[in-house]
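Given next are the chains, with one letter for each unit.
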Amino acid sequence: GIQVEQSPPDLILQEGANSTLRCNFSDSVNNLQWFHQNPWGQLINLFYIPSGTKQNGRLSATTVATERYSLLYISSSQTTDSGVYFCAGNSGGSNYKLTFGKGTLLTVNP
Amino acid sequence: DGGITQSPKYLFRKEGQNVTLSCEQNLNHDAMYWYRQDPGQGLRLIYYSQIVNDFQKGDIAEGYSVSREKKESFPLTVTSAQKNPTAFYLCASSVRSAEAFFGQGTRLTVV
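A. Structural detail: the nonpolar core. Core analysis: the largest hydrophobic core is formed by 21 residues, its most contacted members being Phe25, Trp34, Leu46, Phe47, Leu72, Tyr85 and Leu106 of chain A. For this core, the secondary-structure elements that each account for two or more residues are strand 2 (10-14), strand 3 (19-25), strand 4 (31-37), strand 5 (43-48), strand 7 (59-64), strand 8 (69-74), strand 9 (83-90) and strand 11 (104-109) of chain A. Considering every element that reaches this core, the biggest residue donor is strand 3 of chain A, with three residues. Ranked by size, the runner-up nonpolar core spans 20 residues in total, among them Met32, Trp34, Tyr64 and Phe74 of chain B.

B. Quick peek at the sheet that holds strand 3 of chain A. All names here are of chain A. Pairing is antiparallel across the open sheet formed by five strands, whose spatial order is 1-3-8-7-6. Two strands lie at the open edges of the sheet, namely strand 1 (4-7) and strand 6 (52-56), each paired on one side alone. Averaged over all pairs of adjacent strands, the angle between their axes in this sheet comes to 15°, without regard to strand direction. Alignment of strand 7 against strand 8, held across six bridges, turns out to be antiparallel. When the bridges of strand 8 are listed, alanine 61 appears paired with leucine 72.

C. Layout of the state of the cysteines. All names here are of chain A. If you walk through the whole model with that rule in mind, you get two disulfides over all chains. Residue cysteine 23 pairs covalently with cysteine 87 via a disulfide, S to S 1.9 Å. Judged by the sign of its S-S torsion, about 75°, the cystine formed by cysteine 23 and cysteine 87 is right-handed. One end of the pair, cysteine 23, is in strand 3; the other, cysteine 87, is in strand 9, with 64 residues separating them in the sequence. When sorted by exposure, cysteine 23 lands in the same class as cysteine 87, which is buried.

D. Spatial organisation of the pairing of strand 9 (residues 87-94) of chain B. Residue and element names in this part refer to chain B. Within strand 9, eight of the eight residues are buried, leaving the element largely enclosed by the surrounding structure. Residue alternation in strand 9 divides its side chains into two sets, Ala87, Tyr89, Cys91 and Ser93 and Phe88, Leu90, Ala92 and Ser94, and both sets are buried. Of the pairings in the sheet, the one linking strand 4 (residues 31-37) to strand 9 comprises seven bridges and is antiparallel in character. Counted as the bridge partner of alanine 31 is serine 94 from strand 9. Relative to strand 11 (residues 106-110), strand 9 runs antiparallel, the two being bridged by three bridges.

E. Here's a closer look at the interface of chain A and chain B. Each partner contributes residues to the interface: chain A has 22 residues there, and chain B has 24 residues. Counting the surface lost from both chain A and chain B, the interface buries some 1800 Å², and carbon and sulfur atoms represent 53% of this. Linking chain A with chain B are one salt bridge, by the criterion used here. Residue lysine 97 of chain A is joined to aspartate 59 of chain B by a salt bridge in which the shortest nitrogen-to-oxygen separation is 3.1 Å. Looking at the side of chain A that touches chain B, the elements that each hand over two or more residues are strand 4, strand 5 and strand 9 of chain A.

F. Spatial organisation of the sheet that holds strand 8 (residues 76-78) of chain B. Residues and elements named next belong to chain B. Strand order in the open sheet formed by four strands is 1-3-8-7, with antiparallel pairing between adjacent strands. Each of the sheet's edge strands pairs with one partner strand only, and the pair in question is strand 1 (4-7) and strand 7 (64-66). For this sheet, the mean angle separating the axes of adjacent strands, direction not counted, is 20°. Pairing between strand 1 and strand 3 (residues 19-25): four bridges, direction antiparallel. The residue bridging serine 7 from the neighbouring strand is serine 22, located in strand 3.

Reading the values: the criteria
Residues numbered from 1 in each chain as written. Chains lettered and ligands numbered in written order. Predicted model: local features only at pLDDT ≥ 70, side-chain atom pairs only at ≥ 80, totals over all residues. Heavy atoms only, no water. Core = buried A, V, L, I, M, F, W, Y, C linked by side-chain atoms within 4.5 Å. Buried < 20%, exposed > 50% of the residue type's maximum accessible area, 1.4 Å probe, protein only. Helix = DSSP H or I, 4+ residues; strand = E, 2+ residues; numbered from the N terminus. Pairing = 2+ DSSP bridges. Axes fitted to C-alpha atoms, helices over the stretch in contact; angles between N-to-C directions. Disulfide = S-S within 2.5 Å. Contact = heavy atoms within 4.5 Å. Buried area = accessible area lost by both parts, 1.4 Å probe. Salt bridge = Lys/Arg side-chain N within 4 Å of Asp/Glu carboxyl O.

Put into structure tokens, the structure is as follows:
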């Protein structure tokens, strides 16, 4: 199955800083998602981004499917951005198994 | 509102007991999933179902069982054969293999 590697595993920022989180896949993916896990454990959908670039406020994401990676950009970080960020993907079609990376733990200090 | 509802939020199990976690969705999604998360870890797939009356084992199915009798419902039973059941359990649904949406999770603790 697909292997998903996220980097960095941990990231500490001062409020207002920018950051880039990376997700590498061992094989081609046709479905790729980014999630933020809130303090209560719920997974919040950030982006569904099989390819290309999307933006939502201070967050944006880019997936380069041919090179099997995706990037999540957080600009002007806020303390509320703290938490764990996961990427996950599958090869689509009849393959329903969504495989997760181990996540990036982001801490934004005031 | 459309969404995925998991219940209960917290569940305590005695050694040797079976317990069932509920997952209901009203998004009209055909696929549903169960994941397990251990502290500081990513999510691992337990079971998934692409259509009613059909389900497939994920990566860590041993000690778990599921049923899919209705499109809206995908309950997970943690059996006594699961030796280390204390974890956070998340249910998800999707339209085919596309974007997945998650419930709020159930924290299971063995006492």
